[in-house]
Amino acid sequence: MEPKFPGCNCSVCPFKDREFVPPEGPKDSEVLFLGQAPARNEVREGRPFAGQAGVCLNAALEESSLERGKILIDNVILCFFAGGERPPREAVECCRGHIDLETPRVIVPLGNDALGVVTNRWDGIMSLSGEAFGSPEKVVIPLVHPAFYLRNNMPESFTDFVQGVSLVRDFLEGRSYFHVGSRFRVLRSREEALALFESLRSSPPRDLAVDLEASGPDPFGDIILCVALAWDEEEGVVIPWDSEYLRQHNSEFVGLLEDEEVFRSLKSCLELQPGVLAHNSLYDACMLKREGIDVRVENDTLLMHYVLDERRGVQGLKNIARRFLGLSDWEVGLKDYLPNKEAPFTLVPPGVLFEYAAKDACVELVLRRKLGQVLDTPENAGPKRLYTGAGEQAGLMDICRMFVDVISRGVRMDPEALSVALKEMPSRLEELSESLRQYTGSEFYNPGSVPDNRYYLFEKFGLPKVKGDSTDKEVLETLRGEHPFVDLLLEYRQYQKVCNTYMVNIARSYRSGRGHPDFKLFGTVTGRLSANNLNPLVFPRESRGDLYSYPKRVFVADDGCFLLQADYKGMELRVLAVLSQDPWALEVLSNPESDWHGEMAEEMYGELYTGADEKLKKELRVIAKMLVFGLNYGRGAPSIARQLRCSAFRENPEFCPRCRAGLDCPRALREADDLIERYFSPIPVIKHWRTEQVRLAHTVGYIESPFGRRRRFPLITASNKHAVDKQALNTAVQSTASDCTLQAMYRLYREVGDLVRPLWTVHDAVLMNVSLRATPRDVEGILSIIEETPRVLLDTDLPFFLDASAGFRWGALTPYEGVIPELADLTLLPSAD
DNA sequence: TAATACGGCGCC
DNA sequence: AAACGGCGCCGTATTA
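Residues numbered from 1 in each chain as written. Chains lettered and ligands numbered in written order. Predicted model: local features only at pLDDT ≥ 70, side-chain atom pairs only at ≥ 80, totals over all residues. Heavy atoms only, no water.

Topic: the overall build of chain A
- The helix and strand inventory of chain A stands at 34 helices and 25 strands.
- Projected onto its principal axes, the C-alpha coordinates of chain A cover approximately 90 × 75 × 65 Å.
- Residues classed as buried in chain A amount to 54% of the 833 residues present.
- Here the analysis covers contacts within chain A between residues at least 6 apart in sequence; of these, 67% occur between residues at least 24 apart.
- For chain A, the exposed surface amounts to about 36,900 Å²; the carbon and sulfur share of it is 49%.
- Taking the average place of the 98 positive charges on the side chains of chain A and the average place of its 123 negative ones, the gap between the two points comes to 3 Å. (Helix = DSSP H or I, 4+ residues; strand = E, 2+ residues; numbered from the N terminus. Buried < 20%, exposed > 50% of the residue type's maximum accessible area, 1.4 Å probe, protein only. Contact = heavy atoms within 4.5 Å. Areas by Shrake-Rupley, 256 points an atom, 1.4 Å probe, with all protein chains shown as cover. Lys, Arg positive; Asp, Glu negative; His and termini not counted. Charge placed at Lys NZ, Arg CZ, Asp CG, Glu CD.)

As for the side chain of D405
- One can find D405 in helix α17 (residues 396-409).
- On the basis of relative accessibility, which here comes to 18%, the residue D405 falls in the buried class.
- For D405, the contacting residues outside a window of four places in its chain are K289 and Y749.

Here we look at the environment of L489
- By the element assignment, L489 lies in helix α21 (residues 484-508).
- Not counting residues within four places of it along the chain, the set of residues in contact with L489 comprises L436, Y445, P447, N453, L457 and L476.

Quick look at the sheet that holds strand β2 (residues 72-75)
- Strands sit in the order β2-β1-β3-β5-β4 across an open sheet of 5 strands; the sheet is mixed. The sheet is open, and its two edges are formed by β2 and β4 (133-135), each paired on a single side. When strand polarity is set aside, the average angle formed by the axes of neighbouring strands in this sheet is 15°.
- As judged from the 4 bridges shared by strand β1 (residues 31-35) and strand β3 (residues 106-109), these two strands associate in the parallel manner. Pairing of L32 across the sheet is with I107, part of β3. (Pairing = 2+ DSSP bridges. Axes fitted to C-alpha atoms, helices over the stretch in contact; angles between N-to-C directions.)

Things to note about the protein's contact with DNA strand C
- The environment of DNA strand C is made up of 31 residues, and the closest members are R312, N500, N532, N533 and S639.
- Close to the protein, within 4 Å, the atoms of DNA strand C belong to sugar or phosphate groups at a rate of 75%.
- Within the contact set of DNA strand C, a phosphate oxygen lies 2.8 Å away from a side-chain nitrogen or oxygen of S449.
- Contact between DNA strand C and S639: a phosphate oxygen at 3.1 Å from a side-chain N or O atom of the residue.
- Elements with a minimum of two residues in the surface near DNA strand C: α21, β17 (530-532) and α33 (721-751).
- The element that contributes the greatest number of residues to the surface near DNA strand C is α21, accounting for 6 residues. (Near = heavy atom within 4 Å. Polar contact = N/O pair within 3.5 Å; in protein donor to acceptor, adjacent residues only side chain to side chain.)

Comments concerning the nonpolar core
- Ranked by size, the top nonpolar core spans 257 residues in total, and within it F33 and F403 carry the most contacts.
- Examining the composition of this core, we find that 13 residues originate from one element, helix α15 (residues 350-376), more than from any other.
- When neighbours within four sequence positions are excluded, F33 is seen to be in contact with L57, L61, I71, L72, I73, D74, V108, L110, V165 and V168.
- Grouped together as the second largest cluster of nonpolar side chains are 23 residues, F15, L34, L72 and V92 included. (Core = buried A, V, L, I, M, F, W, Y, C linked by side-chain atoms within 4.5 Å.)

Considerations on helix α19 (residues 450-460)
- For α19, the full list of buried residues reads N453, Y456, L457 and F458. Buried residues in α19, looked at end-on, bunch into an arc of 165°, giving them a common side. Structural note: α19 exposes P451 and E459 on the side pointing more than 90 degrees away from its buried face.
- Here α19 starts with a cap whose side-chain oxygen sits 3.1 Å from the backbone nitrogen of D452, and that cap is S449.
- Looking at the residues trailing α19, positive phi occurs at G462, about 65°. (Arc of directions from axis to C-beta.)

Digging into the protein's contact with DNA strand B
- Taken together, 21 residues sit near DNA strand B, with K473, K497, R528, Y548 and D764 positioned nearest.
- A share of 84% of the atoms of DNA strand B within 4 Å of the protein falls on sugar and phosphate groups.
- One nitrogen or oxygen atom from the side chain of K473 is found 2.7 Å from a phosphate oxygen belonging to DNA strand B.
- Between a base oxygen of DNA strand B and a side-chain N or O atom of K497, the distance comes to 2.7 Å.
- Per-element accounting of the surface near DNA strand B gives the leading share, 3 residues, to α21.
- Its residues assigned to classes, the surface near DNA strand B shows 8 nonpolar, 4 polar and 9 charged. (Nonpolar A, V, L, I, M, F, W, Y, C, P; charged D, E, K, R; others polar.)

Side note on the packing of helix α25 (residues 596-605) against helix α31 (residues 666-680)
- Packing of α25 against α31 leaves a shortest axis separation of 8 Å and a crossing angle of 120°. With respect to each other, α25 and α31 are oriented oblique. Between α25 and α31 lies a crossing whose hand is right-handed. Where α25 abuts α31, its residues W596, M600, E603, M604 and Y605 lie against L675, R678 and Y679.
- Residue composition of the contact of α25 with α31, by class: 6 nonpolar, no polar and 2 charged. (Parallel < 35°, antiparallel > 145°, perpendicular 65-115°, else oblique. Left-handed = near helix turned anticlockwise from the far one by under 90°.)

Examining the packing of helix α13 (residues 317-325) against α15
- Across the interface, α13 lies against α15 with an axial gap of 10 Å and an inter-helix angle of 50°. Classed by the angle they form, the pair α13 and α15 counts as oblique. The interaxial crossing formed by α13 with α15 has left-handed handedness. Two secondary-structure elements touch here, α13 through L317, I320, A321, F324 and L325 and α15 through D360, V363, E364, V366, L367, K370 and L371.
- Taken together, the residues of the contact of α13 with α15 break down into 9 nonpolar, no polar and 3 charged.

What to know about the pattern of salt bridges
- Evaluation of the coordinates by the stated rule reveals 69 salt bridges.
- K569 is paired through a salt bridge with D803; the nearest N and O atoms lie 3.8 Å apart. You can see K569 sitting in the loop between β19 (561-568) and α23 (571-580) and its partner D803 sitting in strand β24 (residues 802-807), a full 234 residues away along the chain.
- By relative accessible area, which is 38% here, K569 ends up partly exposed.
- For the salt bridge of D739 with R709, the shortest nitrogen-to-oxygen distance reads 2.8 Å. Of this pair, D739 sits in helix α33 while R709 sits in the loop between β20 (702-704) and β21 (710-712); the two residues are 30 residues apart in sequence, bridging distant segments of the chain. Assigned by exposure class, D739 and R709 land together as buried. (Salt bridge = Lys/Arg side-chain N within 4 Å of Asp/Glu carboxyl O.)

Remarks on the sheet that holds strand β25 (residues 814-815)
- Spatially, the 5 strands line up as an open sheet ordered β22-β23-β19-β24-β25, and their pairing is antiparallel. Strands at the two margins of the open sheet, each flanked by one partner only, are β22 (756-761) and β25.
- Bridge count between β19 and strand β23 (residues 765-771): 7 bridges; the pairing is antiparallel. The residue of β23 that forms the bridge with L563 is N769.
- Lying on the sheet, helix α34 (residues 776-794) is in contact with β19, β22, β23 and β24; it crosses β19 at an angle near 25°.

Following this line, the structure appears as structure tokens:
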């Protein structure tokens, strides 16, 4: 038979009877996008990429201003295969003859089959996706097929596809990155180093990328192995530092920076250099500061990228380099020397490590230009402002530099408080564990094992299942008193949490009387801080009781200082009122005496509330409060109904068997619906604002906060729509509240000078060391700066109010009432390691 | 043996 | 099927 298309070998093709879809676009195009095979929609329309995947492709092309009509769009196989079905190789072999790989300058294989046809590698698209192969004249950029993101419900990752397509444009316009970091030079003599630093000092480059390699991730414990510098895209320069490391590897390199004069020369070079650039500079700058080099980092490629792409886990240099420059992972060589994730970099031979470091620095240099250009486009005005700051708003770089200072100084810790806890808790834990074991009668029982607990609770002791198989706290609370095992297990879990999650980590982070929390400015999609290891964001509230107070009690005021904590009252609610400009909400919240939750309880329950006794009033107010938080988080009626159950049940559990059995109850649902409606009735503007946020997420594709922070929704499908809607409701509020707090901390840091040294924020609270020399007036000044920051930055008349507390031990602060605390009963042992 | 998933739980 | 936003860590269980 005649081939259906020139080059195809249809006569021997087992699929020759299937429907056929020809390629689309000019045959002599510079660009070829090569997909897999036409699916249902393509057959119906008679053209490739006509369905959902086509929508994705079109969106990505448009984002990069590439005209679909000028691009050759083809499939490996020209006949129908159902979506998700991988065609057999036989079909590929019969069909591939029609594909012209010679003419196009840029070839984009989409998915594994296209990758195979173009490169002869038939799998591994996931690891190769986004990397550019070839030369500036002829390049192949494999990408994951857009259908993959749709099929596997990975909407966030669709950004990677868009980014990959934008590389096509780079190559078409003559921009390529094969040369970046292709050479490196290790300084071998002190004369060479001194001469280099001198020349950098006398004629500083516009940007100087600085990248450290250290033995590990702890800027306050690990050792710097080398410093890499780059001011040239092609060649990075490495200055070895730690000679012990070099000796271990019998390296002929010299630990030049151990030489006093070389060190001083580098120090002055870096401190005077105006355009220092780094990736995740918080880390490098803390480390350099520890060594006595106070570098002012001007730009940070990680933060530049973060404001453009807030996703978690994509901020690594290699990942960004791949997506923006098409560079393949140059770190793979290191892995040969690193047996696991915790392995120290000292295991890597200096020659290998230095090459890697130099390349890092060069890549940063190029990324800084590239990301800078992206940030300078008008559509990225918001992210740009977030990054650089504007007017009263400090930029992320400013805040990052503040954190270098703050984290480096760290927080004072009381070793006594630590050791007491660490002595007592493990033995109590062991006791509890033993008691539990006795109830089970099995020496193999493990109190940490969920299956074990399930078995004993529900099978052996015959306790009722309240929430599926769950044995969580809520379930155990309802079973309290039914069996002594339950109460013991609850206590065991509390001790386990406090001891192993908090105290052990706090102890691990103890460094000569101080701790250095490792805050990240890029760990969340909303802009809140995150931290690992020593994480002050999650230490239990002291109101939880004695046991839970241990962690915070370890942290104490600096010498000559007291701790002051300022919490914004009802912050997210106020932010919501400002963002939505709801008149009723603004009115109520303007009054410092007003009780929002009480007002809401009245709205929702009417006479039931106004005529209620104190006890009932309190209960109804709690429900109102729960609704305020829940609705802000996107909670819906079914979920609220399940929690509140129905009024009949509340009157007497016997009246509603459904609620009693934990089943969905139509009456409860109706009542929840009604409550929500009443909740929103006085605040229709907030209600409208919420639908507007959801609409924006779907139409614009992102939500932008007043600080220019964006939460992006690159791909919304049926399966993630509900999640997106809820995220869209919450994101602006959470992010704005957090940014206000950070900005307040920054203003304190800049404006109040010696009297106050902020330690950190906890989402809507600022903790700081305040000098005992401060007067109540000074403290008022400090508090009013914090208080007014949201008003200034959000440009609103709505006042914000604070709860302030003070003392010498975090976890034992008392309300601040205009009196500077007196250092009295705090006994501190001298710092010991 | 190492990486990953999951239940559980702390914070706002 | 679930239907509550944003985080990080522990310990066990499971998978590669």
